[in-house]
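Commentary on secondary and tertiary structure
Listed below, chain by chain, are the residues.
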Amino acid sequence: MPRDIQITFDCGDPGALADFWAAVLGYEKDPPPRGFDSWEDALRAWGVPEAQWNSRSALVDPEGRRPRVFFQQVPEGKTAKNRVHLDIRTAVGLKGDERMATLEAEAARLGALGATRFRRFEPDAMDPGFIVMRDPEGNEFCLD
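These numbers come from a predicted model, not from an experiment.

Procedures and definitions
- Residues numbered from 1 in each chain as written.
- Predicted model: local features only at pLDDT ≥ 70, side-chain atom pairs only at ≥ 80, totals over all residues.
- Heavy atoms only, no water.
- Helix = DSSP H or I, 4+ residues; strand = E, 2+ residues; numbered from the N terminus.
- Buried < 20%, exposed > 50% of the residue type's maximum accessible area, 1.4 Å probe, protein only.
- Contact = heavy atoms within 4.5 Å.
- Core = buried A, V, L, I, M, F, W, Y, C linked by side-chain atoms within 4.5 Å.
- Pairing = 2+ DSSP bridges.
- Salt bridge = Lys/Arg side-chain N within 4 Å of Asp/Glu carboxyl O.

1. Brief notes about the overall build of the protein
- Regarding its fold elements, the protein presents three helices and eight strands.
- Sequence-ordered secondary structure for the protein, helices as α and strands as β, is β-α-β-α-β-β-β-α-β-β-β.
- Expressed along its principal axes, the backbone C-alpha trace of the protein runs to roughly 60 × 35 × 35 Å.
- Within the protein, the fraction of its 144 residues that count as buried is 34%.
- Sequence-distant contacts, at least 24 apart, represent 60% of the contacts inside the protein between residues at least 6 apart.

2. Quick word on the nonpolar core
- Within the largest apolar cluster, 24 residues are counted, with the highest numbers of intra-cluster contacts made by W21, L59, F71, M133, F141 and L143.
- Elements with a contribution of two residues or more to this core: β1 (6-11), α1 (14-25), β4 (68-73), β5 (86-88), α3 (96-113), β7 (130-134) and β8 (140-143).
- The leading source of residues in this core is α1, at six residues.
- Those residues in contact with L59 that lie beyond four places of it in its chain are A18, W21, A22, Y27, E28, K29, D30, R68, V69 and F71.

3. Considerations on the pairing of β8
- By the alternation rule, side chains of β8 split into E140 and C142 and F141 and L143, which are all buried.
- For β5 and β8, the ladder comprises three bridges, and the chain directions are parallel. Bridge pairing in β8 links D87 to C142.
- Direction of pairing for β7 relative to β8: antiparallel, over a ladder of four bridges. For V132, the partnering residue across the bridge sits in β8 and is C142.
- Here β7 folds back onto β8 in antiparallel fashion, the turn holding five residues, of which G138 has a positive phi close to 95 degrees.

4. Things to note about the pattern of salt bridges
- The tally for this structure, following the rule as stated, stands at 13 salt bridges.
- Where R120 meets E104, a salt bridge forms, and the shortest distance between an N and an O atom there is 2.6 Å. One end of the pair, R120, is in strand β6 (residues 116-121); the other, E104, is in helix α3, and 16 residues separate them in sequence.
- Close ionic contact of E106 with R109 constitutes a salt bridge, the shortest N to O distance being 2.9 Å. Here R109 and E106 lie together in helix α3, a separation of three residues that amounts to about one turn.

In C-alpha cells form, the structure reads like this:
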C-alpha cells in the first residue's frame, strides 16, 4: 500500500527556511489549527514559551497533491554534503540551450530569494544538464 511522506529539514531558523522553500516550491505555510487565527495565538494558548515559537514550521501543497515539508530546529549546523536532496524540476522535456536558459532563469529567481549557486553541469550524452544550488542554510538541491 502506498504511504504518504513528509520531507523534513533539520535547520537553525525554521521560519526563514520555510519562507524560502515556500517561494521555491509554490507551497503555503501550514495553516493554524481550527479555532485559532494564527500559529502565535495557538502557541500562546497552549502555553508554549515564545522562545520556542520558531522551533518548527511546515509547508503544504495548496493543491494537496505533494508531500508536506517540515522544518525542525536543531542546535548543530550543516557540516557535510546532503545524502538526500530535492530536484526542482523546472525544465522537464527541454533540451540543450533552451533547457539551460530555463535553468539559469530559475537559478537567478532563487538567488534573489537567498539561494546560492554551487555548480553547473553541462548537457552531455548521459545527462541533459542541471544546476546545483544551496538554500540559505547550505542544503544542496538541483535545478533539473
